[in-house]
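Residue-level structural notes
The chain contents come next:
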Amino acid sequence: MIMASTVLQLTPLSYPKPIIGIRQNSEPSLLAFHDLLSLIPRCASLRELKQIHGYAIKTHVKDDISVLTKLINFCTSNPTISSMEYAHKMFDEIPNPDIVLFNTMARGYARLENSLQAMVLLAQLLCFGLLPDDYTFSTLLKACSRFKALEEGKQVHCLALKLGVIDNVYVHPTLIHMYTMCNDIDSARRVFDKISEPCVVTYNALITSYARKSQPNEALALFRELQERDLKPTDVTMLVVLSSCALLGALGLGKWIHEYVKKNGFVQYVKVNTALIDMYAKCGSLDDAVSVFENMHVRDTQAWSAMILAYAAHGHGFKALSMLEEMNKAKVWPDEITFLGILYACTHNGLVEKGYEYFSSMIHKYGIVPSIKHYGCMVDLLGRAGRLDDAYKFIDELPIKPTPILWRTLLSACGSHGNVELGKQVIQRIFELDDTHGGDYVILSNLCARSGKWEDVNFLRKMMKDRGAVKVPGCSSIEVNNVVHEFFSGDGVNSTSTALHHALDELVKELKLAGYVPDTSLVFHANIGDEEKEVVLRYHSEKLAIAFGLLSTPPGTTIRVVKNLRVCGDCHNAAKFISLIFGRQIILRDVQRFHHFKGGKCSCGDYW
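The text that follows walks through the structure, step by step, so that each part is easy to find. (Residues numbered from 1 in each chain as written. Predicted model: local features only at pLDDT ≥ 70, side-chain atom pairs only at ≥ 80, totals over all residues. Heavy atoms only, no water.)

**Details of the overall build of the protein**
The test is simple: Helix numbering and strand numbering both begin at the N terminus, where a helix is a DSSP run of H or I of at least 4 residues and a strand a DSSP run of E of at least 2. Using a 1.4 Å probe on the protein chains alone, a residue whose accessible area is under 20% of its type maximum counts as buried, one over 50% counts as exposed, and one in between counts as partly exposed. The contact criterion used throughout is that any non-hydrogen atoms of two residues lie within 4.5 Å. All accessible-area figures derive from a Shrake-Rupley calculation using a 1.4 Å probe, and residue coverage is judged against the displayed protein chains alone. Under this rule, positive means Lys or Arg and negative means Asp or Glu; His and the chain ends count for nothing. For the purpose of locating charges, the reference atoms are NZ of Lys, CZ of Arg, CG of Asp and CD of Glu.
Counting its secondary structure elements, the protein contains 31 helices and 6 strands. Each principal axis of the C-alpha atoms in the protein carries an extent, and together these give about 105 × 55 × 55 Å. Counting over 608 residues, the protein shows a buried share of 51%. Residue pairs in contact within the protein that sit at least 24 positions apart in sequence constitute 63% of those at least 6 positions apart. Entry remark: accessible area of the protein is about 29300 Å², with carbon and sulfur atoms responsible for 54%. The distance from the centre of the 64 positive side-chain charges to the centre of the 64 negative ones in the protein is 3 Å.

**Let's talk about the sheet that holds strand S4 (residues 586–589)**
As a reminder, the rule being used: The pairing criterion for strands is at least two bridges between them, as found by DSSP. Think of each axis as a best-fit line through the C-alpha atoms, taken over the contacting stretch in the case of a helix, with angles from 0 to 180 degrees between the N-to-C directions.
Pairing is mixed in the open sheet, where 6 strands are placed in the order S2-S1-S3-S4-S5-S6. Each end of this open sheet is capped by a strand with a single partner; those strands are strand S2 (483–488) and strand S6 (601–602). Packed on one face of the sheet, helix H30 (residues 541–552) meets strand S1 (475–480), S2, strand S3 (559–563) and S4 and runs near 15 degrees to S1.

**Overview of empty space enclosed by the protein**
What counts, and what does not: Put plainly, a pocket is an open set of points on a 1 Å grid over the protein atoms alone with protein on both sides within 12 Å along at least five of seven lines, a cavity is a set where a 1.4 Å probe fits but cannot get out, and a lining residue has an atom within 4 Å of a point. Grid points are joined across faces, edges and corners, and a volume is the space filled by probe spheres set on the points. Think of it as three bins: nonpolar holds Ala, Val, Leu, Ile, Met, Phe, Trp, Tyr, Cys and Pro, charged holds Asp, Glu, Lys and Arg, and polar takes everything else, Gly as well.
With the rule as written, the count across this model stands at 5 cavities of 30 Å³ or more. Of the volumes computed, that of the second largest cavity is approximately 40 Å³. If you trace the second largest cavity, you find it lined by Gly249, Lys282, Cys283, Gly284, Arg560, Val561, Val562, Ile587, Arg589 and Phe594. Every element with two or more residues in the lining of the second largest cavity is listed here: S3 and S4. Classifying every residue of the lining of the second largest cavity gives 5 nonpolar, 2 polar and 3 charged.

**Topic: unusual backbone geometry**
The phi dihedral of Asn481 is positive, around 55 degrees, even though this residue is not glycine. On the secondary structure map, Asn481 appears in the loop between S1 and S2. Of the residues examined, Asn481 reaches a relative accessible area of 69% and is grouped as exposed. With phi around 60 degrees, Asp606 is a residue other than glycine that occupies positive phi space. Mapped onto the secondary structure, Asp606 falls in the segment after S6.

**Digging into the nonpolar core**
Definition in use: To define a nonpolar core, start from buried Ala, Val, Leu, Ile, Met, Phe, Trp, Tyr and Cys residues and group those joined through side-chain atoms within 4.5 Å.
Among the nonpolar cores identified, the biggest contains 166 residues, and Ile257, Met307, Leu410 and Val426 are the most heavily contacted of them. Sort the elements by how many residues they give to this core and helix H18 (residues 301–313) lands first, with 9 residues. Residue contacts for Val426: discarding those within four places in its chain leaves Tyr392, Trp407, Leu410, Leu411 and Cys414. Listed in part, the 31 residues of the second largest apolar core include Leu500, Leu511, Phe577 and Trp608.

**Quick notes on the state of the cysteines**
Rule in force here: When two cysteine sulfur atoms are found within 2.5 Å, that pair is recorded as a disulfide.
Tallied over the full model, the rule gives 0 disulfides. In this structure Cys75 is not part of a disulfide, and its nearest cysteine sulfur, from Cys43, lies 9.3 Å away. Just so you know, Cys604 is unpaired, no disulfide at all, and the nearest cysteine sulfur is the one on Cys602, 3.4 Å from it. Since its relative accessible area comes to 7%, Cys604 is described here as buried.

**Quick look at the environment of Glu542**
Looking at where Glu542 falls in the secondary structure, it is placed in helix H30. Once the C-alpha coordinates of Glu542 and Glu421 are considered, the two residues, 121 residues apart in sequence, prove to be 31 Å apart.

**A closer look at the pattern of salt bridges**
Convention followed: Only one rule defines a salt bridge in this text: a Lys or Arg side-chain nitrogen within 4 Å of an Asp or Glu carboxyl oxygen.
A full pass over the atoms with the stated rule returns 23 salt bridges. Residue Lys255 is joined to Asp288 by a salt bridge in which the shortest nitrogen-to-oxygen separation is 2.8 Å. Taken together, the residues Lys255 in helix H15 (residues 251–263) and Asp288 in helix H17 (residues 286–294) connect sequence positions 33 residues apart. Note that Asp606 is salt-bridged to Lys576, the shortest N-O span being 3.2 Å. One end of the pair, Asp606, is in the segment after S6; the other, Lys576, is in helix H31 (residues 569–581), and 30 residues separate them in sequence. Under the relative-accessibility criterion, Asp606 is labelled partly exposed at 46%. When salt bridges that share partners are traced, they join Glu353, Arg387 and Asp390 into one network.

**Observations regarding the environment of Asp440**
Put simply, the rule is: Between N or O atoms, a polar contact is any pair within 3.5 Å; within protein, one atom must be a potential hydrogen donor and the other a potential acceptor, and residues adjacent in sequence are included only when both atoms are from side chains.
Along the polypeptide, Asp440 turns up in helix H26 (residues 438–450). Beyond its immediate stretch of four places on either side in the chain, Asp440 contacts Arg408, Leu411, Ile427, Ile430 and Asp434. For Asp440, the side chain forms a polar contact with the side chain of Arg408, separated by 2.9 Å.

**Things to note about the packing of helix H14 (residues 235–248) against helix H16 (residues 270–282)**
Keep this limit in mind: The scheme is simple: roughly parallel for angles under 35 degrees, roughly antiparallel for over 145, roughly perpendicular for 65 to 115, oblique for anything else.
The geometry of H14 relative to H16 is characterised by a closest axis approach of 8 Å and an angle of 10 degrees between their N-to-C directions. By the angle between their directions, the pair H14 and H16 is classed as roughly parallel. Packed against H14, whose contacting residues are Asp235, Leu239, Leu242, Cys245 and Ala246, the element H16 presents Lys271, Val272, Ala275, Leu276, Asp278, Met279 and Lys282 at the interface. Broken down by class, the residue content of the contact of H14 with H16 amounts to 8 nonpolar, no polar and 4 charged.

**Re H16**
Heads up, the rule is: Multiplying 1.5 Å by the residue count of a helix minus one yields the expected span of that helix.
Between the first and last C-alpha of H16 there are 18 Å, a value that for 13 residues agrees with the 18 Å anticipated at 1.5 Å per step. Considered for burial, the residues of H16 that qualify are Val272, Asn273, Thr274, Ala275, Leu276, Ile277, Met279, Tyr280 and Ala281. Packing partners of the buried residues in H16 comprise H14, H15, H17, H18 and strand S5 (594–598).

**Some remarks on the packing of aromatic side chains**
Selection rule: Stacked, tilted and edge-to-face are the three classes applied to pairs of Phe, Tyr and Trp rings, where Trp contributes its six-membered ring and a pair requires centres within 6.5 Å; stacked means planes under 30 degrees apart, edge-to-face means over 60, and tilted covers the rest. Criterion for a charge above a ring: Arg CZ or Lys NZ at most 6 Å from the ring centre, at most 35 degrees from the ring normal.
In this structure the tally under the stated criterion is 16 aromatic pairs. A ring pair is formed by Phe359 and Phe394, whose centres lie 6.2 Å apart and whose planes are at 65 degrees; its orientation type is edge-to-face. Placement of the pair is Phe359 in helix H21 (residues 352–364) and Phe394 in helix H23 (residues 388–396), with a sequence separation of 35 residues. In this pair, the class of Phe359 matches that of Phe394, namely buried. An aromatic cluster is built from Phe91, Phe102 and Phe128, whose rings are joined through pairwise contacts. Here the guanidinium or amino end of Arg299 rests over the ring plane of Phe293, the centre of that ring lying 4.4 Å away.

**Some words on H31**
The terminal C-alpha atoms of H31 lie 19 Å apart, and with 13 residues this matches the ideal 18 Å at 1.5 Å per residue to within 8%. The first or second residue beyond H31 is Gly583, which carries a positive phi of 60 degrees.

**A word on the pairing of S1**
With respect to burial, S1 is a largely interior element, 6 of its 6 residues being buried. In S1, alternate side chains face the same way, and those of Cys475, Ser477 and Glu479 on one face and Ser476, Ile478 and Val480 on the other are all buried. Examined bridge by bridge, S1 and S2 share 6 bridges and lie antiparallel to one another. The partner of Ser477 across the bridge, within S2, is Glu486. Sheet topology places S1 next to S3; 3 bridges connect them, and they run antiparallel. Its bridge partner being in S3, Ser476 is matched across the sheet by Lys563.

**Some words on the pairing of S3**
The line we're drawing: Handedness of a crossover is defined as follows: orient the strands so they point away from the viewer, and if the path from the first strand over the helix to the second runs clockwise, the crossover is right-handed.
Counting buried positions along S3 gives 4 out of 5 residues, so the element sits mostly inside the fold. Considered for its hand, the β-α-β crossover made up of S3, H31 and S4 is right-handed.

As far as function goes, none of this settles anything; it's purely spatial.
The structure is reproduced here in structure tokens:
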């Protein structure tokens, strides 16, 4: 009689009775065989699994396909490099593996960093004369997605076409996802367009793809098409559609979708409610975000974090901080996203010491390892407060390699505080990592121009041109009657441009009578006069969008504008005057935060 404690030595498992009864050189009984299989899923480590495998070898059941399948399943369910190596050794000992075992091995590799090993398995599979099934293709495409292996993904696509499994309900979504993750959204769309009757899962795949690639209009168009086909959306659909509304800042459409969510029973999902909070916050309606949060029966960490981020983005820093205390009282544990919101709140309210306290507690009290975003918040916190040298030292002493984004955050602060020399040092650190970002050249060029260093300006502009770095054009959008209108700085292309430019000219005249003075120092051209500089300022995208809002909405209506870059100082000042003269509330969301203009003042208190 062999005792489990002596043969297997599995510390976490305790068996007071013998689990297997055998005689030397005899076959195990049916009961013993089943007991052996039942032990495998209960292993706590690879070491314990190896003991069971060793026992299987000793008792002559190592070649039984059911035993090997169980052993390989264990190794691939939560794979590590070691467990996959061990699984592969067992796999190679099987003379005629079936497709199920191939799929199991491929699934394990698809979850690892070396996921393309799954492609090697495909070659083995074909050599054995086996044909991959729909599960094989889904797994291989997931592996290609993880590794962003476009060429290998195309090969899998071709094989799926050749074998006639391309129309499988599982293959299409993973194929679309693969192309998206490999930054080939056009191919993803072509795959979708060839499907005669796409299901909701396939729609979800492409809608998600568009949302991830910051193409919300296309995502929302597909949602409408899904409805026209009388397909029932899922909670996944609603999450992506709400995130698309958030990207656009389309409040009217977001409210309609909220009604759809309530009507179709999606309010039961905590994640959908959290997406509603995020959507309302990013569309500039903090009150609606608060209402959704307060009506939630269950609030998880993500819901609390979304509300904290909402308060922080809208300039209610102290309310965001108090939410953390309420969260603790509710016994909901904060995560890394929660602390991003907390640090963000400190940053936009100038709470430097508080920011340090929360950063420290995040690490030491809550055991959260800071990500690059947390470090970025700390750099931004110091930079906005004018502590540029401290910010430089903070980056230089990080336990991880700094990214270009961290240095760019400091470069932006150098621009705001007029520190040319430090700005030059910082841009050198950026160029060591990435010299293709046009915004870096523009920030330092403007900083040099403001200091009268025109030789440096010309040098930077030439360098920018030689390296092919392109500045992202300023773009602002506004939703009117559920239609989102976009304006670019200097834009004169769309059909309303003539009337809009005339109205904007008249608006600026009225603002000047009220005391507005265009800040031409923000236009960095040495060879043009102040009058020409005023024209450049006048047709910034923010002003075009606000003027369109004044023309297109009834008096008293709140104007909501979304900008892709940081709002310029002159537009910020002009918006304060417009809110005072016309009695309009203007809510402007730029790349960093919300600005609520009302009665000639801004919620940011000019600390932005």
